[in-house]
Structures are given as C-alpha cells and as structure tokens.
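# Chain and residue survey
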Amino acid sequence: MLAKKNIAIGGISTECSSYSPLFQNKEDFRTVREQDLLELVDFPFSEHNINVSPLFFNKSVPGGPIDREYFDQVKNQFIEEIKALGRLDGILLLMHGAMYVEGIEDPEGDWISSVRIAVGPDCIISLSYDLHGQITDKIIKNIDAFAAFKTAPHIDVKETYRRSASMLVSAINENYRPIVLWSPIPVLVSGEMSSTFVEPCKTIYENLEQYNNEKGILDCNLLVGYVWADTQRATASSVVTCTNEIMGAKLCKKIAANYWNSRKDLKSDMQTGSIDDALLWLKSDFSIVADSGDNPTAGGVGDRVDVLEAILKNCHIDSLFAGIASKSAYDELKTGNEFSLGGTFGGGGPLLKLKADSVYFKNQCAVVSISKTVILISKIRRPFHNFKDFEELNLELSDFKILVVKSGYLSPDLQSLSSRSFLALTEGAVNQNLAIIKNKHRNKKIYPFQDFDNFIPLVSDGVSLVS
C-alpha cells in the first residue's frame, strides 16, 4: 500500500476598507480549527490517500485595516504550526484577497510567500479566494493552483474549497505541477456593479465553465477586485490554473478582454440614488432599501444613522431597520428607554437622541420600537441578511412594509422575496458613489476613475510575461 501524502489546511480571510476608522484585531476574528475546519472544506481527502492536518482558519466580518501587530502575530503562529508538521506534500490555503494592513502593500502575498519559504519549493500550494480579492505577481509565483468564488452574492463557497482541494489532491497523487497565470484588468467597481446574476457578468462567469473544458485547463477565474482599499494592487484580474501554458495564456487574455469590453455595462442590479430619492421611491408595496455605504459585509462600520433619521422623520408606515451596531445604545437600553444612537464605533454621521416605546433583548440585540419603526440595535458589528437573522429575534418580515438593511446587493434570502428594492448611495467606509472616494495610492489609469480605450491584456506567471 502506498504511503499517505501529508497536507495542511488553514488561512485568514477578511475584507478591509482603507476608508474605515475601525481597525481589526484578535477580537474581531473567529478561529475555525480541527474537525470544524475539515467540515468547512468538506472534501473526502481520506478517499485519495491523503492525511490532513487542519491548522486554523481565522475569519472576520469585513471591516477596517487589520492591526499590524495582530497580523504579524497570527502569520507567525501559522508558520510555526506548519513547521511543526515536518515535511508536507501540499497545503490548502483559504484566503480572501482583500486584506489591508498599513505598511504592507500586499498582505496576502506576504502571508503566502512566508508559507512557501516554510514548506519549501516542492510542496504544492493550492489557494482558495473570494472573487473580490486582489492578485499580485508575488502571490502567483508562490502558488501552484488557484480557485475563486464564481458567484456574487457568494453561494459557491464550499464548491470553491472543493475545486481548490481537488486540484491539490490531483497534483500530489498524479505527480505533476500545475501552472497559474494571471492578467491584471484596469477595471475596479463595486460588487454591486458586478453581480454574477445579472448581465454582463452573468454570461462572463458562465463562460468560465465552458473554458474549463479546454484540454490542459484546470480552472478559469475572474476576480473583480475590491474597490474600497486604496492600494496600488487594487484591480480586477483573470486567473487560470492549467497544465497547457499556451492555452492558459490564451484564455487568460480572453477573460480579461471580455471583462474590459463589458466595463461600461457594469451597473447595479437595483435602482440607485440618494436617501431622498429612496424616500420618493417608496410606495405601499413591501420594499427593501439597502443602506449601501455602511454595509458591514463589505467593510462598513455599521453604526451610521443617516437613513434611520430620514425614515423616522418621513415614513409613517411599518418599517424595520436592520440594524445599527452600538454597544453603548444596547447598554443604555438595559437601564431605561432613552438612548443615543449613531457613530459609536467611529463611522460618523449624526447622533440621534431617541426614546423607545418598547424594547426586548435577544441574541445580543435590542429590538426597539419607536412609533411604527422597529430598530435592531446589535451589541457587535453584524449583518442582518438572512431569514434566520429575523426569525431568531421573533420577527416576521410580513409585518412590515419597509425593510432597511445595511447591505449592497441583497442576500439570496432577501432576493427570493422578489420585492421592490433600492440601493441608497449613502455615506460610509464603503461608499458606492465611486466618483467621490479618495485615491492616493490606487493606479491612476483604471476605469471608472479614468476612462480610456488602449488596453491590451498581458499575462504573467508571477515571474515573467507569458506570450
């Protein structure tokens, strides 16, 4: 019987808005270890004669920059755990691709290159990514396989982990080394402008599966990048894992050209406008308003009350505001019905002095009623995007005519309601009004910040250009 091959699994994942004042540290990350990590990846390694060592996977709700001391500490811990395992045949890295750490231009590249040094040149490294991640030569030259999400909103997380794991296992057991190629695309828009469920991205992403049928092609990917990190590496990109470099380069260029040629068709799948526009848009039908600039799942702080203030002043129908992050307001409501709300985590905006008609507490949330509006005030930063988020608080969405969520594109649950929806271009750390966000470090020649026509895709293997 052949000796089992040895691999490890682990990584770190978050989105970091460089416009957010709220730094992320140890308290913001949840650690997945051991059996929970194996269940998260959900791949039958034992059927492929693979022995797995699950290290740890640290994951947070997107936010601001990662504290440099925490990043260095957790990266060093990861490297030490790898070294303690001895020789490895492979490693599966679970990353996001949109980390921001002050003083480190390429945090993922720094992490991955450190892993490469620790495991040596012969170990196969397979990388799993979010499609809102950033790619660099430093990343590409240190990995052997790559798979990213192909849906936004993301409903293929487990499938992506399996694709990355499958390429890793095949390369190890069949004794070959895949090639990873990439092509930067000078386009950088929000996820809301590049949803994979509407055109043009719907067709672009469907084509990726067709390209995978080409001989020598293992996995084709398009990353739209992350627009709220003001860094030089911020860009869209095509990434292809292959065994046929010529075909891989051809498809890498094709994917890049398809996205570039569709750039002026990229737009939100919802009607957009100001808060005032959203109020004029509201009718008697059940409607959803997305407070997009303060969306915690994109890196927003989640504590702004701009939209809430407008709703309380102008809407006199049953409304549910989900929600506002404020530990101080949560604590105030524990002792009385008067409280202050807004900007308590540093997100800015007005500060409201409010009085609750009634309140109850559940799941670290205060459910506050003020006239015809119910406000969910969470003790910690969190989204309210899934049906279970409301069910766990004993709330029925059918009891309301207006639902306001701190969100960009709507979650699959909320999309399934087939309701009228409006994306409010609100202020915050993930402002969707791209024309007004500051650009100090971002590449100066990138659409839509600058418009130009002379783009020719170039392909790199991380070391040199590939023709």
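Residues numbered from 1 in each chain as written. Predicted model: local features only at pLDDT ≥ 70, side-chain atom pairs only at ≥ 80, totals over all residues. Heavy atoms only, no water.

### Considerations on the pattern of salt bridges
As enumerated under the stated definition, the model contains 23 salt bridges in all. Residues aspartate 89 and arginine 87 are paired through a salt bridge, measuring 2.6 Å at the closest nitrogen-oxygen approach. Owing to a relative accessible area of 12%, aspartate 89 belongs among the buried residues under this scheme. In this structure arginine 87 comes out as exposed when scored by relative accessible area, which is 64%. Here the residues in one salt-bridge network are Lys150, Arg163, Glu209 and Asp219, joined through shared partners. (Salt bridge = Lys/Arg side-chain N within 4 Å of Asp/Glu carboxyl O. Buried < 20%, exposed > 50% of the residue type's maximum accessible area, 1.4 Å probe, protein only.)

### Description of the packing of helix α2 (residues 68–84) against helix α3 (residues 107–119)
Contact pair α2 / α3: the axes reach a minimum separation of 9 Å and the direction vectors enclose 25 degrees. Relative to α3, α2 is oriented roughly parallel. Regarding α2 and α3, the two cross each other, and that crossing is right-handed. On α3, the residues that touch Phe71, Val74, Lys75, Phe78, Ile79, Ile82 and Lys83 of α2 are Pro107, Asp110, Trp111, Ser114, Val115, Ala118 and Val119. Considered class by class, the residues forming the contact of α2 with α3 number 10 nonpolar, 1 polar and 3 charged. (Axes fitted to C-alpha atoms, helices over the stretch in contact; angles between N-to-C directions. Helix = DSSP H or I, 4+ residues; strand = E, 2+ residues; numbered from the N terminus. Parallel < 35°, antiparallel > 145°, perpendicular 65-115°, else oblique. Left-handed = near helix turned anticlockwise from the far one by under 90°. Contact = heavy atoms within 4.5 Å. Nonpolar A, V, L, I, M, F, W, Y, C, P; charged D, E, K, R; others polar.)

### Section: a nonpolar patch on the surface
Taken together, the side chains of Ile456, Leu458 and Leu465 define a hydrophobic patch exposed on the protein surface, amounting to about 360 Å² of accessible area. Residue placement: leucine 458 occurs in the loop between β19 (420–424) and β20 (459–460). (Patch = residues over 30% accessible without salt bridge, like charges linked within 9 Å, V, L, I, M, F, W, Y side chains within 5 Å. Areas by Shrake-Rupley, 256 points an atom, 1.4 Å probe, with all protein chains shown as cover.)

### Observations regarding the pairing of strand β8 (residues 217–223)
For β8, the buried fraction is high: 6 of the 7 residues fall into the buried class. With 6 bridges connecting them, β8 and strand β9 (residues 236–242) associate as antiparallel partners. The partner of isoleucine 217 across the bridge, within β9, is cysteine 242. (Pairing = 2+ DSSP bridges.)

### Regarding unusual backbone geometry
Going from alanine 152 to proline 153, the amide bond is cis rather than trans, its omega being 5 degrees. Of the consecutive residues glutamate 199 and proline 200, the connecting peptide bond is found in the cis state with omega at 5 degrees. One non-glycine residue, asparagine 363, lies in the positive phi region at around 50 degrees. Turning to its location among the elements, asparagine 363 is positioned in the loop between β15 (358–362) and β16 (365–370). The phi angle at serine 371 is positive, at roughly 55 degrees, despite the residue not being glycine. The residue serine 371 is located in the loop between β16 and β17 (373–378) in this model.

### Overview of the sheet that holds strand β4 (residues 90–95)
Spatially, 6 strands are ordered β2-β3-β1-β4-β5-β6 in an open sheet, and the strand pairing comes out mixed. The sheet terminates laterally at β2 (29–33) and β6 (145–148), the two strands that pair on one side only. On average, each strand axis in the sheet is tilted by 10 degrees relative to the strand beside it, whichever way the strands run. In terms of strand pairing, strand β5 (residues 124–129) meets β6 through 4 bridges, oriented parallel. By the bridge assignment, serine 126 is partnered in β6 with alanine 145. Across the sheet, helix α1 (residues 34–41) is in contact with β1 (5–13), β2, β3 (50–60) and β4; its angle to β3 comes to roughly 90 degrees. Across the sheet, helix α5 (residues 157–173) is in contact with β1, β3, β4, β5 and β6; its angle to β5 comes to roughly 170 degrees.

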